[in-house]
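# Structural overview for review
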Amino acid sequence: MRPVDPSPGDEVDRIVAAWGRELPELDVAPMQVLSRVTRLARHLERARAESFSAHGLEGWEFDVLSALRRAGDPYELSPGTLVQQTLSTSGTTTNRIDRLAARGLVERRPDPTDRRSVKVRLLPPGADAVDGAMRTLVTHEETMLSGFDADGRRALADSLRRLLLPLDTH
């Protein structure tokens, strides 16, 4: 086991040092990375909530509207595709579509290729809200990554991708 740095620099360093002291037989090195990822996720969730709220959206609303926006013109998807892209259930997605339609952010339209099906279409007020929220979010994220140059960001993204790929494929 590696010795723990006696002069910790951040909260994770302090936590890891304490566990290293209390359970010296345990290699707590993974905490150096994963505890920071957890803390970063909390900061990112706060930035997301602020970004969405500033544009009158909740997180789930942003998820649905952004899926439609990313679909490209005519900015519509089937409810089944929205279930897949937002990782929600069919019932939850139906409820969300109803609520977004009541706010005038989306509309249901008959599917032109299958009269038994519907498409959910993003309306201009929904596009304005999701575009604004996305711009605000990217500004927050840019600030969060300001300590990295382009090469550092690529290296970080590559490392996180290697960490996530085996988890996302199972």
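Residues numbered from 1 in each chain as written. Predicted model: local features only at pLDDT ≥ 70, side-chain atom pairs only at ≥ 80, totals over all residues. Heavy atoms only, no water.

Moving on to the UniProt feature "domain: HTH marR-type" (unreviewed entry) in the protein chain. UniProt records the feature "domain: HTH marR-type" (unreviewed entry) at residues 30-165, using the numbering of this structure. Helix makes up 69% of residues 30-165 and strand 12%, with an end-to-end C-alpha separation of 18 Å. (UniProt positions renumbered as here; feature names shortened; annotations may be inferred. Helix = DSSP H or I, 4+ residues; strand = E, 2+ residues; numbered from the N terminus.)

In this structure, L57, L65, L68, L82, L100 and V106 are the most contacted members of the largest nonpolar core, which totals 21 residues. With 6 residues, the single largest contributor to this core is helix α3 (residues 59-70). Among residues more than four places away in sequence, those in contact with L68 are Y75, E76, L77, L82, V106, V120 and L122. (Core = buried A, V, L, I, M, F, W, Y, C linked by side-chain atoms within 4.5 Å. Buried < 20%, exposed > 50% of the residue type's maximum accessible area, 1.4 Å probe, protein only. Contact = heavy atoms within 4.5 Å.)

All right, on to the pattern of salt bridges then. This structure, assessed with the given rule, holds 15 salt bridges. Here R36 and D10 are joined by a salt bridge, their closest N and O atoms 2.9 Å apart. Taken together, the residues span a long stretch of sequence, with R36 in helix α2 (residues 29-53) and D10 in the segment before α1 (11-22) at a distance of 26 residues. Overall, D10 belongs to the partly exposed group, its relative accessible area being 27%. Notably, a salt bridge pairs E61 with R103, separated by 2.5 Å at the nearest N-O pair. Note that E61 is positioned in helix α3 and R103 in the loop between α5 (90-102) and β2 (106-111), a separation of 42 residues in sequence. Owing to a relative accessible area of 44%, R103 belongs among the partly exposed residues under this scheme. Residues joined by salt bridges that share partners form a network here, namely D10, D13 and R36. (Salt bridge = Lys/Arg side-chain N within 4 Å of Asp/Glu carboxyl O.)

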